[in-house]
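Residue-level structural notes
Residues per chain, in single letters:
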Amino acid sequence: MVEIKYVPTICPYCGTGCGLNFVVKDDKIVGVEPYKRHPVNEGKVCPKGNFGYEFINREDRLTTPLIKENGEFREASWDEALDLVANKLKEVSDDDPNKVGFYACARSPNENIYITQKLARVACGTQNVDHCARICHGPTVAGLATTFGSGAMTNGFDSIKEADYIFCIGSNNMEAHPLFGRKLIQAQKNGAKLVVLDPRYTPTAKIADEYVQFKTGTDVALMNGMIKVIIDNDLQDDEFIKNRTKGFDELKETVQKYDLETVSEITHIAPEVIEELAIEYAKADKAAIVYSLGITEHSHGADNVMSTANLAMLTGNIGREGTGVNPLRGQNNVQGACDMGALPSDYVGYRKVADQETTDWFNEYYGTNLPAKPGLTLVEMMNAAHAGDLKVLYIHGEDPVLSDADIKHTKEALANLDMLIVQELFMTDTAQCADVVLPAAGWGEQCLHKAQEPPEGAMLDWKIMEEIAVRMGVPREKFHYESAEEIFEEIRECAPIFAGMNRERLDTPEALHWPCPSVDDPCQPLMHKDKFAHPDGLGIFQALEHRGPVEVPDEEYPLLLTTTRVLFHYHAAMTRRCKTLDNEVKTG
Ligand code: SF4
């Protein structure tokens, strides 16, 4: 009899985090089935969840380290490749740690991401570590941390089902986060009014009770206009403002110039619609804001995010079920990559690099001599490479040659490096540009919920990095783990927000949310219930001006471009290699 095994896992695509089960036959993943009792997706999945496993056992998986010589790749042994990488990283970082940089992989489990930032900080002594949130949800982390004191979504996913009014701006959930889109529909069935604001008439706009089209890049003006209407009509929550916030007077003064006519001219929304939006949002008992990359992927993305926080605090729509500011994340583990300290400004658990005491703590813990000065962001690293100031770049599971806006600039920057190291599953566009390619294990092959062995020749991500660190001279006992569980124990020691997440609790299907300071803390999703995460417990209003997009159409480039997602794809490296998905929408 053929034995079939089911191994629980999480979908590796969008940030909704649907629960799946790998179907395993003869020790190989042969399919997936929705996890019926999972709290996020309740047994449903979108096409990517259904067919997005098909890449796993493809024949073109990388299984041998590759070294480029005279413009051509040749196969190499692991020893040779690891020595080459370690020696180069050591040579350059000994000279100047600022000349090396790391891109962490936001598709990877937390343990791998933690080890990437540890390799950068401990083995190379650099704070130059970042990941793709910088160009998608970096503004969320910055904007919500400035206003609320914490950069995370304020409410759990199910909270939206209790909302009376949903203000969904720049978020095409029905394509980008389909199972969260399902929750929007459930909320509507419960009586919520769903208003979708988007420059494009998207599938999410189609299900809305009201769709408002507006000019891209004018979000701050719109929300300032709404704030003025709310204040002019005395609909603000005075109690909440007085007891829970500061900075209201400055906000009130700033929005005075955003009268309906001015805002209408900037946004291309009719004055009466702006007025209606403001009054309905303020009058709802429980109003929730949902947003995504439509407001963050702008030069003023953090301002847009802070405007949503202003609206929520102004009306007391925060700290209760059915309310809040709810950013929908792009990559499946972009939140985890921020949490794990793959940021040039933050160690694991959002402990600040710039705080000398915190850096002293990590220097003591890691045995390092790191500066209390944030490193380069992902964008700055690429610019530094272009300028010849960054010499070695280590890219783990990212494909900037495919996904960056200015591919010509990216290719020139990568070509300017002394060494580009790419740790990957497949020969991506970025891997093609590498000097060394390291074949890694993928989804279902490492850390938690392992369902099959990696293909022969590929190595676990954190093992690759451990080997490099040791070859660079880090004592093995300071960079050695027998399992992913051991890595997570170190994470708990370094980050108080994860201290209460022990293995026993993580192995239950119950969702655990940080902050989770102790094992008896319930770790529930609702944030800012009684106080905000700033030291004084107050939320901070931000007085913001409309700045508009940096790049506007002109004679040379007369087009206005914006980003979107396709239901059947998620970037390229994985979904383009899933036959069923690629049959639906050809991308190659
Ligand atoms: Fe995966 Fe997102 Fe689809 Fe859920 S909604 S199955 S997490 S791609």
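Residues numbered from 1 in each chain as written. Predicted model: local features only at pLDDT ≥ 70, side-chain atom pairs only at ≥ 80, totals over all residues. Heavy atoms only, no water.

**Things to note about the pairing of strand E8 (residues 165-169)**
Spelled out, the test is: Exposure categories follow from relative accessible area, calculated using a 1.4 Å probe and restricted to protein chains: below 20% of the type maximum is buried, above 50% is exposed, and the middle band is partly exposed. Helix and strand assignments come from DSSP, with helices taken as H or I runs of at least 4 residues and strands as E runs of at least 2, each series counted from the N terminus. Strand pairing follows a simple DSSP-based rule, namely that at least 2 bridges must link the two strands.
For E8, the tally of buried residues reaches five of five residues, placing the bulk of the element in the interior. Where burial is concerned, the two faces of E8 agree: the one with Tyr-165, Phe-167 and Ile-169 and the one with Ile-166 and Cys-168 are both buried. As defined by bridge partners, E8 adjoins strand E12 (residues 287-291) across five bridges and the pair is classed as parallel. Within E12, the position partnered with Cys-168 by the bridge is Val-290. Pairing between E8 and strand E9 (residues 193-197): five bridges, direction parallel. Pairing of Ile-166 across the sheet is with Leu-194, part of E9.

**Things to note about the sheet that holds strand E2 (residues 19-25)**
Rules: To obtain each axis, a line is fitted to C-alpha atoms, and for helices this fit is confined to the stretch in contact; angles are then taken between N-to-C directions over 0 to 180 degrees.
Pairing is antiparallel across the open sheet formed by three strands, whose spatial order is E1-E2-E3. This sheet does not close on itself; its edge strands, each paired only once, are strand E1 (4-10) and strand E3 (28-34). Averaged over all adjacent pairs, the angle separating strand axes in this sheet is 30°, with direction ignored. Note: E1 against E2, seven bridges, orientation antiparallel. Bridging across to E2, Ile-10 finds its partner in Gly-19.

**Quick look at empty space enclosed by the protein**
Keep this limit in mind: Site definitions follow a grid-based scheme: protein atoms alone, a 1 Å grid, a 1.4 Å probe that fits but cannot get out for cavities, and for pockets an open set with protein on both sides within 12 Å along at least five of seven lines, plus lining residues having an atom within 4 Å of a point. Grid points are joined across faces, edges and corners, and a volume is the space filled by probe spheres set on the points. Only Asp, Glu, Lys and Arg are considered charged in this grouping, and only Ala, Val, Leu, Ile, Met, Phe, Trp, Tyr, Cys and Pro are considered nonpolar; every other residue, Gly among them, is considered polar.
Taken as a whole and assessed by the stated rule, the structure comprises two cavities of 30 Å³ or more. Every residue along the wall of the largest cavity is listed here: Cys-11, Tyr-13, Cys-14, Thr-16, Gly-17, Cys-18, Val-45, Cys-46, Lys-48, Gly-49, Pro-178 and Leu-179. Counting only elements with at least two residues in the lining of the largest cavity, the list comes to helix H1 (47-51) and helix H6 (178-189). Of the residues in the lining of the largest cavity, the class split is eight nonpolar, three polar and one charged. In this structure, the second largest cavity spans a volume of roughly 50 Å³. Forming the walls of the second largest cavity are Tyr-103, Cys-132, Ile-135, Leu-378, Glu-398, Asp-399, Pro-400, Ser-403 and Asp-404. Grouping the constituent residues of the lining of the second largest cavity by class yields five nonpolar, one polar and three charged.

**So, the layout of surface pockets**
Here the second largest pocket defines a volume of roughly 870 Å³. As for the second largest pocket, its lining consists of 36 residues, and the residues nearest its centre are Ser-150, Trp-514, Pro-515, Met-527 and Ala-533. Listing elements by their share of the lining of the second largest pocket, those giving two or more residues are helix H4 (138-148) and strand E15 (351-352). For the lining of the second largest pocket, the leading source of residues is H4, giving four residues. The residue makeup of the lining of the second largest pocket, split by class, is 18 nonpolar, ten polar and eight charged.

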